[in-house]
Amino acid sequence: STPNGAIYAGGWFTQAGNAFNSRVAMFMNNQWFVPGGQPSNDWVWDLTARPNGVVIAGGAFRFMGSANTFRLAQFNGVSWSQVGGSLTNGLEVYETFLMPNGDLIISGNFTEVNGVAALNVARFDGAQWHAMGSGFLAPARDFAVVNGELFAVNARLSSTTVGGNLVKWTGSAWTELAVSNGTVFELLALPNGELLVAGDFTQFAGQPYTRIALYRPGCVCDDIDFNNNGVFPEDQDVIDFFNVLAG
């Protein structure tokens, strides 16, 4: 949703309510509209709204409305346009994420953004695009910020990684914090600084979790996460506690 109350939806549909449109629609004043008056020509995977109401779309499209917007576009309430240029070489943008400072992070299947070499992840500071370390071998499914730190899920850093993972941006490189035995689709930053991860997995960080797990970034050893592995509550925390208590 945007500050003016408009709700945007993206996907593969061709009609929303009485509005015939392709892949993206806007709901406002109890009816659906085609934003910009003209449709997209392919999948819209993700939508993000800036505080000023500008909506950013990522997907597999080649144009949005009448604008040539290869995989990435923005809508100012009137028309669509490029976001700092467009993908120079890539198949699609899966995720669009706004940092607290307004920088835009995107992830997908691409190797270059507006002439800047970037493997499947890039950052736009409002003026130019930047690579983020060595990038990802597979697109991130979601991003979140906790205490000013950027996290991502399912962003494969190594060809030996099987399943999904949780990674953190250090400012110059990505580091892997935990792995799962299946795909991680969602990442949610909670008000207390913890991260909620969800997906199609039965193990996360080496512990049994069915499709959802809680992770505490930068945790310190305490009476909850006694073994200090960032995942809790778990049986091993209780076992470790009594082992130490028994001497």
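This part takes up the overall build of the protein. On a plain count of helices and strands, the protein comes out with one helix and 25 strands. Within the protein, buried positions represent 47% of all 247 residues. Long-range pairs, those at least 24 residues apart, make up 29% of the contacts in the protein with a sequence separation of at least 6. As presented, the protein carries roughly 11900 Å² of accessible surface, and 51% of it is formed by carbon and sulfur atoms.

Glancing now at the sheet that holds strand β11 (residues 80-81). As summarised here, the arrangement of the four strands in space is β6-β7-β10-β11, forming an open sheet in which the pairing is antiparallel. Of all strands in the sheet, those bounded by a partner on one side alone are β6 (44-49) and β11. Where strand β7 (residues 55-59) meets strand β10 (residues 72-75), four bridges bridge the pair, whose relative direction is antiparallel. Across the sheet, residue Ile56 finds its bridge partner in β10, namely Gln74.

Quick look at the sheet that holds strand β5 (residues 31-33) now. On the basis of which strands lie adjacent, the open sheet formed by three strands has the order β1-β4-β5 and antiparallel pairing. Looking at which strands have only one partner, the edges of the open sheet turn out to be β1 (7-10) and β5. The mean inter-strand angle of the sheet, taken between neighbouring strand axes irrespective of direction, is 30°. The pairing of β1 with strand β4 (residues 24-28) spans four bridges and is classified as antiparallel. Residue pairing across strands places Ile7 opposite Phe27, the latter belonging to β4.

Counted according to the given criterion, the structure contains two salt bridges. One salt bridge connects Lys168 with Glu149, and the closest N-O pair in it is separated by 3.4 Å. In this pair, Lys168 sits in strand β19 (residues 165-169) while Glu149 sits in strand β18 (residues 149-153), placing the two residues 19 residues apart along the sequence.

This part is about a nonpolar patch on the surface. Nonpolar side chains collect at one region of the surface, where Trp12, Trp43 and Trp45 lie side by side and expose about 320 Å² of accessible area between them. By relative accessible area, Trp45 is classed as partly exposed at 37%.

Before going further, it helps to examine the side chain of Thr2. Along the chain, the position of Thr2 falls in the segment before β1. Those residues within four positions of Thr2 in sequence are excluded, and the remaining contacts are Tyr8, Ala49, Gly53 and Val55.

Let us look at the pairing of β10. One ladder, built from two bridges, connects β10 with β11; its direction is antiparallel. Of the residues in β11, the one forming a bridge with Phe75 is Trp80. The antiparallel hairpin formed by β10 and β11 contains four residues in its connecting segment, where Gly77 sits at a positive phi of about 100°.

Now for the packing of aromatic side chains. In this structure the tally under the stated criterion is 12 aromatic pairs. Feature note: the residues Trp12, Trp43, Trp45 and Tyr94 constitute an aromatic cluster, connected by ring pairs. A cation over a ring is seen here: Arg23 above Trp12, with NZ or CZ 3.8 Å from the ring centre. Between the NZ or CZ atom of Arg141 and the centre of the ring of Tyr94, over which it lies, the distance is 5.8 Å.

Before going further, it helps to spend a moment on the pairing of strand β21 (residues 184-189). Judged from the five bridges that link them, β21 and strand β22 (residues 195-199) form a sheet pairing that is antiparallel. Across the sheet, the residue bridging to Glu186 is Ala198, located in β22.

Another aspect to go through is the confidence of the model for the protein. Residues at a pLDDT of 70 or more form 87% of the protein, whose mean pLDDT is 87. Residue range residues 220-224 is modelled with pLDDT below 50. Its contacts to residues more than four positions away, or to other chains, number seven contacts.

In this structure, Asn30 is a non-glycine residue whose phi angle is positive, near 65°. Here Asn30 is to be found in the loop between β4 and β5. The class for Asn30 is exposed, based on a relative accessible area of 72%. One non-glycine residue, Arg71, adopts positive backbone phi at about 75°. Judged by relative accessible area, Arg71 falls into the buried class, the value being 8%.

Rules of the game
- Residues numbered from 1 in each chain as written.
- Predicted model: local features only at pLDDT ≥ 70, side-chain atom pairs only at ≥ 80, totals over all residues.
- Heavy atoms only, no water.
- Helix = DSSP H or I, 4+ residues; strand = E, 2+ residues; numbered from the N terminus.
- Buried < 20%, exposed > 50% of the residue type's maximum accessible area, 1.4 Å probe, protein only.
- Contact = heavy atoms within 4.5 Å.
- Areas by Shrake-Rupley, 256 points an atom, 1.4 Å probe, with all protein chains shown as cover.
- Pairing = 2+ DSSP bridges.
- Axes fitted to C-alpha atoms, helices over the stretch in contact; angles between N-to-C directions.
- Salt bridge = Lys/Arg side-chain N within 4 Å of Asp/Glu carboxyl O.
- Patch = residues over 30% accessible without salt bridge, like charges linked within 9 Å, V, L, I, M, F, W, Y side chains within 5 Å.
- Phe/Tyr/Trp six-rings, centres within 6.5 Å; stacked < 30°, edge-to-face > 60°.
- Lys NZ or Arg CZ within 6 Å of the ring centre and 35° of its normal.
- pLDDT = per-residue confidence, 0-100.

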